[in-house]
Amino acid sequence: MVRKRTSIHGEWSSRWAFILAATGSAVGLGNIWKFPYIAGENGGGAFVLVYLLCIAVIGVPIMMAEIMIGRRGRQSPVNTMYNLGIEAGSTPHWKWLGWLGVAAGFLILSYYSVIAGWALNYVLETASGTFTGLKAEAVSSIFGSFVSNPNALLFWHTLFMGMTMFIVARGVSNGLEKAVRFLMPSLFILLLIMVGYALNTGEFVRGLSFLFEPNFETLLYKHEAGGQIVLNTYGEKIFTLEYVLIAMGHAFFTLSLGMGAIMIYGSYLPKKVSIAKTTFMIAGADTLVALLAGMAIFPIVFANQLDPGAGPGLIFKTLPLAFGNMPFGTLFGTLFFILLVFAAWSSSISLIEPAVAWLVENKGMKRLKASAIMGVSCWLAGLLTVFSFNAWEKFYPLNFWIFKNKTFFDVLDYITANIMLPLGGLAIAIFSVWIMTRESSADELEMRQTDKSYNVWYFMTRYVTPLAVVYIFWNVI
Ligand code: PHE
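Note that this is a predicted model, so its numbers are computed, not measured.

Peer 1: What am I meant to see in the overall build of the protein chain here?
Peer 2: Within the protein chain, the regular secondary structure consists of 19 helices and 0 strands. The C-alpha radius of gyration of the protein chain comes to 22 Å, within 12% of the 23 Å expected for a compact globule of 477 residues. Projecting the C-alpha coordinates of the protein chain onto the three principal axes gives extents of approximately 65 × 55 × 40 Å. Across the 477 residues of the protein chain, 60% fall into the buried class. Of the roughly 18200 Å² of accessible surface on the protein chain, 66% is carried by carbon and sulfur atoms. Of the side chains in the protein chain, 31 bear a positive and 25 a negative charge, and the two mean positions are spaced by 10 Å.

Next up, the structure:
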């Protein structure tokens, strides 16, 4: 069976264009903002180890499956799943998997844009020399007063959402490609410079051992942000896989998996490109950036007696300290936050692309109109996050079960990263090996059914990956 589907939204100009765009989607706030702070909250080493395992065992096979499905379907995830479901002799209801992804992308972008707005604000602050010569306390209090001001957050959130929609309206495959080509390498070099600075803080070794020396106590037992173990009324430690779920959820989040972003990028991928090789490059680059960010941040944390469990503000309380006290700090700092904004930008467009592509395909809308509609609604949803850091700081909308003591922002983050993405990823894995035929998956992966690499992927995706996800879910939920 030979098929010749092409995407109506265009195609990447080459394999490299795809790798860059998908890396642009993967590398973002997840690597530089989220990874360090959740690693910090969950005790470091053991958490990082599980995260790395999840990337290898769950992330890589699912990424291959997701790109493969995307390229086979060549449409927005909703329509792709609908068509491939029918084609495989299963049901058109697989489209709901597409919808789950659209919803997840929408919810993630709503808070992602607010945090990216923080980075925008920090471009300005660093450029104007605000942090020069400051001590840890002053830097922390600058962050505190910034987030407690809803108007400031609103302003930057609005700007960032506007930037995102500007690119999405023009079409993802033209324009974006060029920007990512030199921004990603620059970000990488700046991170190396930061790690170089961290080498001289006097606490480099301590930072490294925090990140890489596994201590399973904190990972497996209920603890406070920062690592202190919580005891039950009998004075016993409380066993939980919740933090393993968070590590797994982050593997999905950081690789942009489980919600159709990689699927839709795959739908613009020319035929004849090896999906396995590109997957390894994307996952490798993404992981490297996260680890470098951790290696830059934790030495600064320990050298200044800061709290590794400081939460979402962690990078904004640590990195400016370095920029304020290193040679050329203003220059490097400004550049760094600019690049962080770009990294977030190239991720945010992929969050909303599945929804916009659907509006274009099914409602016959122009990209401009579709982007405007999505942008405005997502901006509105973002208000929940804006107020989570000030007026509603102590408001816990769903105060029970796994949502206890969580603000709107916390709930959105938890539901999307730790539940919706793994669920979507699980369904993608199941679809690719239990529903699609071996013939079509091998064909689309550009492999033969007898290839060893094909069979490794098949086995992982058929058994190991789904069982791992289900096991972790079942334990926590
Ligand atoms: N991977 C992005 C990051 O790490 C976030 C993202 C998640 C983007 C899901 C698209 C889809 O910042």
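What follows picks up the thread again.
Peer 1: Hey, could you run me through the environment of Lys406 in this one?
Peer 2: Its location among the elements puts Lys406 in the loop between helix 16 (367–388) and helix 17 (408–435). Assessed through its relative accessible area of 15%, Lys406 is described here as buried. For Lys406 and Lys394, which are 12 residues apart along the polypeptide, the C-alpha to C-alpha distance reads 8.5 Å. Here Lys406 is in contact with Glu242, Phe395, Tyr396, Pro397, Val411 and Tyr414, once residues within four sequence places are set aside. At a separation of 3.0 Å, a polar atom in the side chain of Lys406 contacts the main-chain carbonyl oxygen of Ile402.

Peer 1: Explain the site of the ligand here, please?
Peer 2: Neighbouring residues of the ligand: 15 residues in total, closest Ala26, Gly30, Tyr112, Phe253 and Ser256. Between an oxygen atom of the ligand and a side-chain N or O atom of Asn31, the distance comes to 3.4 Å. One nitrogen or oxygen atom from the side chain of Ser256 is found 3.0 Å from a nitrogen atom belonging to the ligand. Going through the elements one at a time, helix 1 (15–26), helix 2 (29–41), helix 11 (242–254) and helix 15 (329–363) are the ones with two or more residues in the shell around the ligand. Partitioning the shell around the ligand into residue classes produces 7 nonpolar, 8 polar and no charged.

Peer 1: So what exactly am I meant to see when it comes to the packing of aromatic side chains here?
Peer 2: The description of two aromatic rings rests on the distance between their centres and on the angle between their planes. Under the definition given, this model contains 38 aromatic pairs. When the ring of Phe328 is compared with that of Phe332, the centres are 6.4 Å apart and the planes differ by 70°; the resulting orientation is edge-to-face. If you follow Lys34 out to its NZ or CZ, it ends over the ring of Phe253, 4.4 Å from the centre. Seen from the ring of Trp434, Arg462 lies directly overhead, with NZ or CZ sitting 3.6 Å from the centre.

Peer 1: Sorry if this is basic, but what is going on with the pattern of salt bridges here?
Peer 2: Side chains bearing opposite charge may pair, as long as their charged atoms lie close to each other. All chains considered together, the criterion is met by 12 salt bridges. Between Glu217 and Lys237 there is a salt bridge; the shortest N-O distance is 2.8 Å. One end of the pair, Glu217, is in helix 10 (residues 216–220); the other, Lys237, is in the loop between helix 10 and helix 11, and 20 residues separate them in sequence. Since its relative accessible area comes to 34%, Glu217 is described here as partly exposed. A salt bridge links Asp451 to Arg448, with the nearest nitrogen and oxygen atoms 3.4 Å apart.

Peer 1: I would appreciate a short explanation of unusual backbone geometry in the present structure.
Peer 2: With the exception of glycine, most residues fall at negative phi, and the peptide bonds are largely trans. Although it is not a glycine, Arg74 sits at a positive phi angle of roughly 60°. Locating Arg74 in the fold gives a position in the loop between helix 3 (45–73) and helix 4 (77–87). Positive phi, normally seen in glycine, also occurs at Ser256, with a value near 60°. Along the polypeptide, Ser256 turns up in the loop between helix 11 and helix 12 (261–267). Given a relative accessible area of 10%, Ser256 falls into the buried group.

Peer 1: Help me out: how do you make sense of the environment of Thr254 in this one?
Peer 2: As for its placement among the helices and strands, Thr254 is situated in helix 11. A sequence separation of 204 residues divides Thr254 from Tyr458, and the C-alpha atoms of the two residues are 23 Å apart. With near-sequence residues (within four places) excluded, Thr254 lies in contact with Ala26, Gly30, Asn31, Tyr51, Ile55 and Asp286.

Peer 1: Hey, could you run me through the packing of helix 17 against helix 19 (residues 452–476) in this one?
Peer 2: When two helices pack together, their arrangement is given by the angle between the helix axes and the distance between those axes. Between helix 17 and helix 19, the least distance of the axes is 9 Å, while the angle of their chain directions is 150°. In the crossing of helix 17 with helix 19, the sense of the turn from one axis to the other is left-handed. Contacts between helix 17 and helix 19 involve Tyr414, Asn418, Ile419, Pro422, Leu423, Leu426, Ala429, Ser432, Val433 and Trp434 on the former and, on the latter, Trp457, Tyr458, Thr461, Arg462, Tyr463, Pro466, Val469, Val470, Phe473 and Val476. Class assignment for the residues of the contact of helix 17 with helix 19 results in 16 nonpolar, 3 polar and 1 charged.

Peer 1: Help me out: how do you make sense of helix 1 in this one?
Peer 2: An α-helical segment advances 3.6 residues per turn. Residues three or four places apart therefore align on the same side. Under the 1.5 Å per step criterion, the end-to-end length of helix 1 is 16 Å for 12 residues, consistent within 8% with the ideal 16 Å. When you tally the buried positions in helix 1, you get 10 out of 12 residues, the bulk of the element. Residues Ala17, Phe18, Ile19, Leu20, Ala21, Ala22, Thr23, Gly24, Ser25 and Ala26 constitute the buried set of helix 1.

Peer 1: Would you mind showing me how to read a nonpolar patch on the surface here?
Peer 2: A contiguous nonpolar patch, built from Ile430, Trp434, Phe459, Tyr463 and Leu467 and spanning about 500 Å² of accessible area, is present on the exposed surface. Residue contributions to the nonpolar patch peak at 3 residues, all from helix 19. Position of Leu467 relative to the elements: it lies in helix 19.

Peer 1: Can you walk me through the packing of helix 3 against helix 17 in this structure?
Peer 2: One way to put it is that helix 3 packs onto helix 17 with a least axis distance of 9 Å and a crossing angle of 70°. The angle between helix 3 and helix 17 falls in the class roughly perpendicular. Classified by chirality, the crossing of helix 17 by helix 3 is left-handed. Residues Ile62, Ala65, Glu66, Met68 and Ile69 of helix 3 lie in contact with helix 17, whose contacting residues are Gly425, Leu426, Ile428, Ala429, Phe431 and Ser432.

Peer 1: I would appreciate a short explanation of helix 4 in the present structure.
Peer 2: All of the buried residues in helix 4 are Pro77, Val78, Asn79, Thr80, Met81, Leu84 and Gly85. Tucked into the core, helix 4 has its buried residues touching helix 3, helix 5 (95–127), helix 12, helix 15 and helix 17. Looking one or two places after helix 4, you find Gly89, whose phi comes out positive at around 75°.

Peer 1: Teacher, can you tell me more about the environment of Phe316 here?
Peer 2: Tracing the chain through its elements places Phe316 in helix 14 (residues 314–325). If we skip the residues at most four places from it in the chain, Phe316 touches Trp33, Trp118, Ala119, Tyr122, Val139, Phe143 and Phe337.

Parameters and conventions
Residues numbered from 1 in each chain as written. Predicted model: local features only at pLDDT ≥ 70, side-chain atom pairs only at ≥ 80, totals over all residues. Heavy atoms only, no water. Helix = DSSP H or I, 4+ residues; strand = E, 2+ residues; numbered from the N terminus. Rg over C-alpha atoms; globule rule 2.2 N^0.38 Å. Buried < 20%, exposed > 50% of the residue type's maximum accessible area, 1.4 Å probe, protein only. Areas by Shrake-Rupley, 256 points an atom, 1.4 Å probe, with all protein chains shown as cover. Lys, Arg positive; Asp, Glu negative; His and termini not counted. Charge placed at Lys NZ, Arg CZ, Asp CG, Glu CD. Contact = heavy atoms within 4.5 Å. Polar contact = N/O pair within 3.5 Å; in protein donor to acceptor, adjacent residues only side chain to side chain. Near = heavy atom within 4 Å. Nonpolar A, V, L, I, M, F, W, Y, C, P; charged D, E, K, R; others polar. Phe/Tyr/Trp six-rings, centres within 6.5 Å; stacked < 30°, edge-to-face > 60°. Lys NZ or Arg CZ within 6 Å of the ring centre and 35° of its normal. Salt bridge = Lys/Arg side-chain N within 4 Å of Asp/Glu carboxyl O. Axes fitted to C-alpha atoms, helices over the stretch in contact; angles between N-to-C directions. Left-handed = near helix turned anticlockwise from the far one by under 90°. Expected span 1.5 Å × (residues − 1). Patch = residues over 30% accessible without salt bridge, like charges linked within 9 Å, V, L, I, M, F, W, Y side chains within 5 Å. Parallel < 35°, antiparallel > 145°, perpendicular 65-115°, else oblique.

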